Amino acid sequence: MMTLKPMVVSVALLCALPALARDQIDKSVDVKVDALLAKMTLQEKIGQLHQLSGREATGPESAKRASQLAEIETGNVGSMLNVKGAQDTRAMQALALKSRLKIPLLFGLDVIHGYKTVFPVPLGEAASWDLEAIERSAQVAAREASAAGLHWTFAPMVDIGRDPRWGRVMEGAGEDTYLGAQIARARVKGFQGARLGSTDRIMATAKHFAAYGAAIAGRDYNAVDMSLQQLYEVYLPPFKAAADAGVATFMNSFNSLNGVPATGSALLQRDILKGAWKYPGFVVSDWASIKEMVPHGYAADEADAAVKALNAGSDMDMEGEVYIAHLAQAVKAGKVPQKNVDDAVRRILRKKFEMGLFDDPYRFSDPKREQVVLADPQHRAAARDVARKSLVLLKNERNVLPLAKSGRRIAVIGPLADSKRDLEGGWVVSDVRGDVVTLLQGIRGQAPGAQVSYAAACAPGCANADGFAAAVDAAAKADVIVLAVGETWDMSGEAKSRTDIGLPGRQTELFQRLKATGKPVVAVLFAGRPMIFNEIADQADAILYAWFPGSEGGNAVADVLFGDYNPSGKLPATFPRNLGQIPITYAQTMTGRPVVDEKNIVYRSAYIDSPNTPRYAFGHGKSYTEFGYSGLRLDKATLRQGESATLSFELENKGKVAGTEIAQLYVRDMVASIVRPVKELKGFAKVQLQPGERRRVTFTIDPDTLSFFNGQLKWGAEPGAFKLMVGSASDDIRLDTTLQLQ
Ligand code: BGC
């Protein structure tokens, strides 16, 4: 106890220390870093910049394995990815500690939505708009991952995604900058805790810097071409939010941006990130993205790529092996200044000190702790909580939902109804896997009094219709059909761009056959992206969008189907009607020929074969109750620069059951020096109300709410009128007023 006490006190104190004292603490780390740096040879420094994938090193005997182990022992490796588990990380760390300077390794892994306990895919979690639940999800992931010897996750992905063809929309928080920035902050806090070094948290990574989500035509790894104004205003803020939240590292991206590969972009990494934002962490490249500057046609060869990346501010080479192969020579030849290498090494060493690895390199790798933590039942409870918050009720005709738990015959049908793997989605990384609760299991478990029949109808992907007749048969004997269809787990994620984002295979046909029975159809859709499913949207009686909901997915969906949880999720991305509308966002820029009346679109900014409006708008999501909005008040109609105003309104639960509404604040700058979006999300409030309960909800309109990046990329608010809108979705504005800025 005596030895523990001072430590506890100092940790508590650290959190409360003023900025000045924090600087001093950072400086004490810098002193240690500098002392170590002074002892390092050039080769040892470059070793710190080299990150190696551990698949071979921890795999069966092979020549490659032997040479990798030797490299680690020599001090030629600073970090590893894809090594996990207390035992394997200990073994690799022991090798690094045999090197001359005994510098410990950092172990990183893509812990994207949980480690052993699988949480909903990040886009799904974003639909909860629940920052506490999202933070808790990242915290649980960190707790499990850190117990498995990991120090670092390559998450959160904070790329804005406005093109659902791009498979990686699954990994982010959707299309919106404001929501994305809030979620970025929550995830960083969840992974890292208040400060680095606690053994149940890990370092986070803001990725992919930058603009990766805007790949032309939604094709992964493709080029990006965008104005700096758009970059600053839409794509960078979630990164800035992550940096402000203290994210330990950044990862650059595979795409080129306006002709320069992000990995070689000094504008992004040196000028913006490390310059303007004064970011103290380090930048890891994306997987081999440094040497990919050769096929980009931006570097003549791998040696040239190494020079360009390091000089541009890319500190660590993930699995590309070009720094370790070429940097020493480049420094000797004067192509890379020594100070650039020192700066990169310093940034990496600083994190190793902050993580406490020089005090105890094995502090994360404890097999006993690993066993206990990975078995903690509270993790499943957290997964179920956020999973049900992430579900979005898109449609509910004649209140077909919620279903009664007893006395009814429920036909559970569809290729995803009893699938475990598909409910997890992509990026499932632990070898120790928790059991997934399927939808069928969830329904059976929660409605023992119902007669539940099941027919898969087809395998995931639904290539053939051989099982359709049996499914129709089961449906005909039931009172209600629950149809589980969607993408398979591997249809979204990295390198999973699609030109057709409809329901794969023959699932639409299956729906039509079931609908023809005349029985009500409740469609539960699983996917990692917004899909297009017009037949179901038109004809299903109810639709619940479930994303890939994770280990507790079946229970979470059943909670909503039976009304034990009143759905509250809202779409974090626009669902288009057809592919031709993509890329699509609610926050579209105003035009000179807007559609004012859908019946008159001649020479308007419109399509002659489709409305402009989406199938489901950003922010849309229904509840089992109705919410009323009234009594809008703005405390001052005119605002001086620098002042804040208060906007409030009354929210009422007008239905018969308790429910949660996510009320949204949108703003439009009516006239500005840069043409502005028709509306932009600037606030939201998640409010739980009992039947009949009313509550006044308040938003603060501060200078940032009204600001944007002008033509000179300067952040500020311009005088004039602003329309303030409050509503239940971006296309369901209930109240509005005007504010004048002087
Ligand atoms: C992905 C990154 C990921 C990395 C390491 C890359 O292919 O783009 O997001 O962190 O691999 O697995």
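Refer to the structure above for everything that follows.
Residues numbered from 1 in each chain as written. Predicted model: local features only at pLDDT ≥ 70, side-chain atom pairs only at ≥ 80, totals over all residues. Heavy atoms only, no water.

Draft legend 1. Spotlight on the state of the cysteines. With the rule as written, the count across this model stands at one disulfide. Each sulfur of the disulfide joining C458 and C462 lies 2.0 Å from the other. Judged by the sign of its S-S torsion, about -95°, the cystine formed by C458 and C462 is left-handed. Judged by its relative accessible area of 0%, C462 is buried. (Disulfide = S-S within 2.5 Å. Buried < 20%, exposed > 50% of the residue type's maximum accessible area, 1.4 Å probe, protein only.)

Draft legend 2. Geometry of the environment of L689. Mapping L689 onto the fold places it in strand β21 (residues 680–689). For L689, a relative accessible area of 0% corresponds to the buried category. Ignoring any residue separated from it by four or fewer positions in sequence, one finds L689 in contact with F627, L651, E652, N653, A658, G659, R694 and R695. (Helix = DSSP H or I, 4+ residues; strand = E, 2+ residues; numbered from the N terminus. Contact = heavy atoms within 4.5 Å.)

Draft legend 3. Up close: the site of the ligand. Taken together, 13 residues form the shell around the ligand, and within it D110, R168, K207, H208 and D286 come nearest. Within the side chain of H208, a nitrogen or oxygen atom sits 2.7 Å from an oxygen atom of the ligand. Measuring from an oxygen atom of the ligand, one finds a side-chain N or O atom of D286 at 2.6 Å. Contact with the protein chains removes 93% of the 310 Å² of surface that the ligand exposes when unbound. Looking at the shell around the ligand residue by residue, the class counts come to seven nonpolar, one polar and five charged. (Near = heavy atom within 4 Å. Polar contact = N/O pair within 3.5 Å; in protein donor to acceptor, adjacent residues only side chain to side chain. Areas by Shrake-Rupley, 256 points an atom, 1.4 Å probe, with all protein chains shown as cover. Nonpolar A, V, L, I, M, F, W, Y, C, P; charged D, E, K, R; others polar.)

Draft legend 4. Seen up close, the pattern of salt bridges. Inspection of every chain in the model, using the stated rule, returns 45 salt bridges. Taking the shortest distance from any N to any O, the salt bridge between D163 and R165 comes out at 2.7 Å. Linking D732 and R734 is a salt bridge whose minimum nitrogen-to-oxygen distance equals 3.0 Å. Classification of D732 as partly exposed rests on a relative accessible area of 26%. When its relative accessible area of 33% is taken as the criterion, R734 is described as partly exposed. (Salt bridge = Lys/Arg side-chain N within 4 Å of Asp/Glu carboxyl O.)

Draft legend 5. Examining unusual backbone geometry more closely. The step from K207 to H208 runs through a cis peptide bond, and the omega angle for that step is -5°. Locating H208 in the fold gives a position in strand β5 (residues 205–209). A cis amide bond, omega 0°, links I582 with the succeeding residue P583. Within the secondary structure, P583 is located in the loop between α22 (553–561) and β17 (627–634). Although it is not a glycine, N82 adopts a positive phi angle of roughly 65°. When you line up the elements, N82 lands in the loop between β2 (79–81) and α5 (86–96). Even without being glycine, A495 reaches a positive phi, approximately 60°. Tracing the backbone through its elements, the reader meets A495 in the loop between β14 (480–486) and α20 (507–515).

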